[in-house]
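Here is how the chains run, residue by residue.
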Amino acid sequence: MERYTYAKEAYAKSGVDTEAAIKALSNVRISIHCWQGDDVGGFEGSGDLSGGIAATGNYPGKARCPGELMADIDKMLSLVPGSHKINLHAIYAISDKPVERDKLLPEHFSKWVEFAKERGLGLDINPTLFSHPLAADGLTLSHPDEKIRRFWIDHCKAMRRVGEYFGRELGITCVNNIWIPDGYKDTPADRLGPRQRLKDSLDEILSEKIDRRYLIDTVESKVFGIGVESYTVGSHEFYLNYAAKNDCVCLLDNGHFHPTEVVSDKIPSMLLFSDKVALHVTRGVRWDSDHVVILDDELKEIAKEIVRCNALDRVIIGLDYFDASINRVGAWVTGVRNMQKALLNALLLPHGTLKALQDSGNFSKLLALSEELKLYPFADVWAEFCERQGVPAGAEWFAEVEKYEKEVMSNRK
Ligand code: RNT
Ligand code: ZN
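Residues numbered from 1 in each chain as written. Chains lettered and ligands numbered in written order. Predicted model: local features only at pLDDT ≥ 70, side-chain atom pairs only at ≥ 80, totals over all residues. Heavy atoms only, no water.

K.L.:
When you look at the coordination of the zinc ion (ligand 2) in this model, what are you seeing that I'm missing?
P.N.:
Note on metal geometry: ideal angles are 109.5 degrees for four donors arranged tetrahedrally and 90 or 180 degrees for six donors arranged octahedrally. The coordination sphere of the zinc ion (ligand 2) contains the protein donors Glu 220 (OE), Asp 253 (OD), His 280 (ND1) and Asp 320 (OD), at a distance range of 2.1 to 2.2 Å. Linear spacing of the donor residues for the zinc ion (ligand 2) on their chain is E-x32-D-x26-H-x39-D. With Glu 220 in strand S6 (residues 215-220) and Asp 320 in the loop between strand S12 (315-319) and helix H10 (328-347), this residue pair connects regions lying 100 residues apart in the sequence. Comparing Glu 220 with Asp 320, the two get one shared label, buried. (Donors = N, O, S within 2.8 Å, 3.2 Å for Na, K, Ca; no water. Helix = DSSP H or I, 4+ residues; strand = E, 2+ residues; numbered from the N terminus. Buried < 20%, exposed > 50% of the residue type's maximum accessible area, 1.4 Å probe, protein only.)

K.L.:
Help me understand the packing of helix H1 (residues 2-13) against helix H2 (residues 18-26), please; the structure alone is not making it clear to me.
P.N.:
For any two helices packed against each other, one specifies the crossing angle of their axes together with the interaxial distance. Between H1 and H2, the shortest axis-to-axis distance is 9 Å and the interhelical angle comes to 105 degrees. The angle between H1 and H2 falls in the class roughly perpendicular. On the side of H1, the interface is formed by Tyr 4, Ala 7, Lys 8 and Tyr 11, while H2 contributes Thr 18, Glu 19 and Ile 22. (Axes fitted to C-alpha atoms, helices over the stretch in contact; angles between N-to-C directions. Parallel < 35°, antiparallel > 145°, perpendicular 65-115°, else oblique. Contact = heavy atoms within 4.5 Å.)

K.L.:
Would you mind showing me how to read the pattern of salt bridges here?
P.N.:
In a structure, side chains of opposite charge can pair up when their charged atoms sit close to one another. For the structure on display, the rule yields 32 salt bridges. Between Glu 204 and Lys 157 there is a salt bridge, with the nearest N and O atoms lying 2.9 Å from each other. Separated by 47 residues along the polypeptide, Glu 204 in helix H6 (residues 192-206) and Lys 157 in helix H5 (residues 146-170) bring together distant segments of the chain. With a relative accessible area of 17%, Lys 157 lands in the buried category. Where salt bridges share partners, they join Arg 64, Glu 68, Asp 72 and Arg 412 into one cluster. (Salt bridge = Lys/Arg side-chain N within 4 Å of Asp/Glu carboxyl O.)

K.L.:
Help me out: how do you make sense of the site of ligand 1 in this one?
P.N.:
Around ligand 1, the structure places Trp 35, Ile 53, His 89, Trp 179, Glu 220, Lys 222, Asp 253, His 256, His 280, Asp 288, Asp 320 and Phe 322. The separation between an oxygen atom of ligand 1 and a polar side-chain atom of His 89 is 2.8 Å. Within the side chain of Asp 253, a nitrogen or oxygen atom sits 3.0 Å from an oxygen atom of ligand 1. About the coverage of ligand 1: the protein hides 100% of its 310 Å² of free accessible area. (Near = heavy atom within 4 Å. Polar contact = N/O pair within 3.5 Å; in protein donor to acceptor, adjacent residues only side chain to side chain. Areas by Shrake-Rupley, 256 points an atom, 1.4 Å probe, with all protein chains shown as cover.)

K.L.:
For this particular structure, what's the right way to read the nonpolar core?
P.N.:
Grouped burial of nonpolar side chains is what soluble globular proteins tend to show. Ranked by internal contacts, the top residues of the largest apolar core, which has 115 residues, are Met 76, Phe 109, Trp 112, Leu 141 and Phe 166. If you tally residues by element for this core, the top one is H10, at 11 residues. Residue contacts for Phe 166: discarding those within four places in its chain leaves Leu 88, Phe 109, Val 113, Leu 123, Asp 124, Ile 125, Gly 171, Ile 172 and Cys 174. Formed by six residues, the second largest nonpolar core is a distinct cluster that contains Val 175, Val 249, Ala 278 and Ile 316. (Core = buried A, V, L, I, M, F, W, Y, C linked by side-chain atoms within 4.5 Å.)

Rendered as structure tokens:
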């Protein structure tokens, strides 16, 4: 507390209100991906991940069923400040009998709605267009075979209805994100045809009008995937244009661009032309490896752009990482807290002062001040925020994970 009082004063001197920052941060709901809990396995039973994404490692204690995953989510949430959303995939449907993906109904997700209601959470959804026999050749919504394309279109339509149900039941808008693995390993003979088919598929999927209060549709691009190195149907340009012309939102996954290309720089451009932009925040190491999000420079820069553009209500923040080589609950908590730390860091910067320095051409002072601000007592404001939210402020949270691993996760054999 004493430390917070000191920090509050230090920030006030630079024109920053720490109370306003704490309040703003406590209102940010992050969409926390359920799939960190089980390496994108889901409950369909096969467990084999496909579609050019991969989880590596076999750390013991993975959640094997809805009950275990929900228990792990509870543990994770108890160590994360604030109220959030849980982001589900179609493969996390809960049903006694197997249900084909094109036949999924809201009732197959009613247990999740119950779970969310009891905890004041929102829910997001994703159709799962990978890890399935009909996606075995790496093509789904752009497939030349009409029957296969039909199956995936119907699946996406079904999941939009599930999303609408989430939004209606919980009173928190659901985000339905479409990502497809479609592409070719080698140089294609036709780049237009698959994209034409993807466009047609999306047109049909989105043709059913659903109230925006309940459901927002997003489309996620990618530059390449393992096995589909030469051509990706759903490229950035494809979705950027598609979203601009249709009633949906572009989703930028920061692992889905060339290594020196940054998503932070794209955010203001997107916001000038669209009401919303969605993110999958991840950490690619040399490729789209989906490492746990750490508090690195690009994460801080992404958060700064969201805050500087005054767009906390326009940028939909979702997380997307899955590390199977370390304790999964620990990985989850680390990433969520880092996203929040980055936002708090951004909320504690004197953006007005910094912008004025830029506009007056005083780049020497801009650089000097920006660097000095890095050593402001940020950690004390973070600790105060955590304390007020009733979660551990520092590394002591990990003791909870160790205890949970010993008492719960280690019994999953
Ligand atoms: C894959 C995409 C996609 C998935 C999730 C599981 O490269 O990033 O978002 O990670 O849907
Ligand atoms: Zn993603």
